[in-house]
Amino acid sequence: MASCVTGTEVAIRAAACRDGDAASHLKIVAVFAIFLTSVFGVWGPVILAKYFHGKPLYDKAILVIKCFAAGVILSTSLVHVLPEAFESLADCQVSSRHPWKDFPFAGLVTMIGAITALLVDLTASEHMGHGGGGGGGGMEYMPVGKAVGGLEMKEGKFGADLEIQENSEEEIVKMKQRLVSQVLEIGIIFHSMIIGVTLGMSQNKCTIRPLIAALSFHQIFEGLGLGGCIAQAGFKAGTVVYMCLMFAVTTPLGIVLGMVIFAATGYDDQNPNALIMEGLLGSFSSGILIYMALVDLIALDFFHNKMLTTAGESGSRLKKLCFVALVLGSASMSLLALWA
């Protein structure tokens, strides 16, 4: 359990860093810097997809970006969000009170977040399996191999039925990718809002100054991850703009909201109620992101993507490249934990 008693030297240093005016100026800088880097990160893969779609290496490049993104999301959840959630609920101002000292709520809420993401996945998969949402046009879906085995080899019938089957399969895959992108954005928005509100409530200029640079890089990597998923999902233009804009403005809006909360209540980022809210929301978003990274990004691509499961030297080389991208994504995001 963390101790509430701080040394004299630490207390003096903390008091010297608490400067409301300087902190407010730094927060304004943070709003614009984080917004611009978020736009750059999330729009990069989307713009590349628009101009290079249909090119020979397009599908492979998007897959490699998506594997890098999976590493970023996994590291975000396990190295950034989850430890901060545990730390918030372990603070002596929280953990010394009931019920917070009686039960590991951070782990419980993380599990609830992961199960919630699974429930959304199962519900949507069942909906698609019954032909909902136009995914299969109301037709029953079966694997291509099984469909071929049961077809009568009459002239024209085999080609027509197989083409319908392939179109149905492609549409279901697209719907799955859209679902992954939307649930992933929900988890990221939770996380980004927490970051913004915490920064907005802080009055410590010594903490805010290095956070601006660290969070700017953080938003670039996270934006690349989300942007890669959006680009692959094939949304309509309006939906793409909306999703990218939501990601770009969430952290800046969180900062503004945090400033408003501090002005209205006097709560800073060390207030017990603020720590409880930060810990619970962080745990929930961490559960969502862990599930999405492991199940809907890593497992789906490495074990079910045709380009990675194809036998031969080309498939093996691409699989190794994707694994390196996954490691680089997780390592890059983990490194940022030194500063943010």
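- For the protein chain, an unreviewed UniProt entry supplies the name Zinc transporter ZIP6 and the organism Arabidopsis halleri subsp. halleri.
- Quoted verbatim from the Subcellular location (unreviewed entry) field of the UniProt record, the comment on the protein chain reads "Membrane".
- Check the Sequence similarities (unreviewed entry) section of the UniProt entry for the protein chain; it says "Belongs to the ZIP transporter (TC 2.A.5) family."

**Thoughts on the state of the cysteines**
(1) Moving on: All chains considered together, the criterion is met by zero disulfides.
(2) Moving on: Free of any disulfide, C322 has its nearest cysteine sulfur in C67, 3.7 Å distant.

**A word on the nonpolar core**
(1) Moving on: Counting 41 residues, the largest nonpolar core has L184, I230 and C322 as the members making the most contacts within it.
(2) Moving on: Elements with a minimum of two residues in this core: α2 (20-52), α3 (58-90), α7 (157-201), α8 (205-233), α9 (237-265), α10 (272-304) and α12 (313-335).
(3) Moving on: The residues touching L184, leaving out its near neighbours within four places in the chain, are I73, L226, C229, L289, M292 and L297.
(4) Moving on: Membership of the second largest hydrophobic core comes to 12 residues, among which are I195, L199, I208 and I255.

**Observations concerning the confidence of the model for the protein chain**
(1) Moving on: On average, residues of the protein chain carry a pLDDT of 78, and 80% of them reach 70 or more.
(2) Moving on: When mean pLDDT is compared element by element in the protein chain, α9 scores highest at 90, while helix α6 (residues 144-149) scores lowest at 43.
(3) Moving on: Here residues 131-155 scores under 50 on pLDDT; set against residues more than four positions off or in separate chains, the count is 31 contacts.

**Here we look at the pattern of salt bridges**
(1) Moving on: All chains considered together, the criterion is met by one salt bridge.
(2) Moving on: Taking the shortest distance from any N to any O, the salt bridge between D301 and K66 comes out at 3.7 Å. You can see D301 sitting in helix α10 and its partner K66 sitting in helix α3, a full 235 residues away along the chain.
(3) Moving on: Taking the relative accessible area as the measure of exposure, K66 reaches 4% and is therefore buried.

**Overview of a nonpolar patch on the surface**
(1) Moving on: Taken together, the side chains of I47, L48, Y51 and F52 define a hydrophobic patch exposed on the protein surface, amounting to about 420 Å² of accessible area.
(2) Moving on: Along the chain, I47 turns up in helix α2.

**Observations concerning the environment of L74**
(1) Moving on: Position of L74 among the secondary structure elements: in helix α3.
(2) Moving on: Along the chain, L74 and S330 lie 256 residues apart, while their C-alpha atoms are 6.7 Å from each other.
(3) Moving on: Other than its neighbours up to four places away in sequence, L74 contacts A293, L294 and I298.

**A word on the side chain of T251**
(1) Moving on: Following the sequence through the fold, T251 ends up in helix α9.
(2) Moving on: In this structure T251 touches I34, S192, I195, G196 and Q219, once residues within four positions along its chain are discounted.

**Remarks on the packing of α3 against α12**
(1) Moving on: Here α3 crosses α12 at 35°, and the two axes come no closer than 7 Å. You can see that α3 and α12 cross each other, and the crossing is right-handed. Of α12, the residues touching α3 (which contributes K60, L63, V64, C67, F68, A70, G71, V72, S75, T76, V79 and H80) are S314, L318, L321, C322, A325, L326, L328, G329, S330, S332, M333 and S334.

**Digging into the UniProt feature "transmembrane region" (unreviewed entry) in the protein chain**
(1) Moving on: Listed under "transmembrane region" (unreviewed entry) in the UniProt record, and renumbered for this structure, are residues 28-49, 61-83, 103-120, 183-202, 208-228, 240-267, 279-300 and 321-339.
(2) Moving on: Secondary structure across residues 183-202 divides into 95% helix and 0% strand, with the first and last C-alpha atoms of the span separated by 29 Å.

**Let's talk about the packing of aromatic side chains**
(1) Moving on: One pass over the full model with this rule turns up three aromatic pairs.
(2) Moving on: With a centroid separation of 6.1 Å and 55° between ring planes, the pair formed by F68 and F221 is classed as tilted. Here the residue F68 occupies a position in helix α3, and F221 occupies one in helix α8, the gap between them amounting to 153 residues.
(3) Moving on: Using a relative accessible area of 17% as the deciding quantity, one classes F68 as buried.
(4) Moving on: Aromatic side chains F103 and F105 sit 5.4 Å apart centroid to centroid with 65° between the ring planes, which places their arrangement in the edge-to-face category.
(5) Moving on: Since its relative accessible area comes to 42%, F103 is described here as partly exposed.
(6) Moving on: Here a set of aromatic residues connected by ring pairs shows up, and it is made of W100, F103 and F105.

Calculation criteria
Throughout this description, residue numbers start from 1 for each chain and increase along the sequence as written. Only residues with pLDDT of 70 or above have their local features reported here, since the model is predicted, and side-chain atom pairs are shown and tallied only from 80 upward, although totals for entire chains, interfaces and linings are computed over all residues. Calculated side-chain values reflect all of the structure's heavy atoms, with hydrogen atoms and water omitted. UniProt positions are given in the numbering used here, feature names are shortened, and annotations may be inferred rather than shown by experiment. In this description, the term disulfide denotes a pair of cysteine sulfurs within 2.5 Å. Nine residue types can take part in a nonpolar core, namely buried Ala, Val, Leu, Ile, Met, Phe, Trp, Tyr and Cys, and a core is a set of them joined through side-chain atoms within 4.5 Å. Buried residues are those whose accessible area, probed at 1.4 Å on protein chains only, stays under 20% of the maximum for their type, while exposed residues exceed 50% and partly exposed ones sit between those limits. Here a helix means four or more residues in a row that DSSP labels H or I, a strand means two or more in a row labelled E, and each is numbered from the N terminus. In what follows, residue pairs with any heavy atoms lying within 4.5 Å of each other are defined as contacts. Confidence of the predictor at the level of single residues is given by pLDDT, which spans 0 to 100. Salt-bridge detection follows one rule: a side-chain nitrogen of Lys or Arg within 4 Å of a carboxyl oxygen of Asp or Glu. In this analysis, a patch consists of residues with relative accessible area above 30% that form no salt bridge, clustered at 9 Å for like charges and at 5 Å for the nonpolar side chains Val, Leu, Ile, Met, Phe, Trp and Tyr. The accessible surface values rely on the Shrake-Rupley method and a 1.4 Å probe; as for residues, cover is taken only from the protein chains in view. Interaxial angle, 0 to 180 degrees, is taken between N-to-C directions of lines fitted to C-alpha atoms, where a helix line uses only the stretch in contact. The sense of a crossing depends on the near helix, which, turned anticlockwise from the far helix by less than a right angle, makes the crossing left-handed and, turned clockwise, makes it right-handed. Two rings belonging to Phe, Tyr or Trp (six-membered ring only in the last case) form a pair when the distance between their centres is within 6.5 Å. Interplanar angles under 30 degrees mark stacking, angles over 60 mark edge-to-face geometry, and anything in between is tilted.

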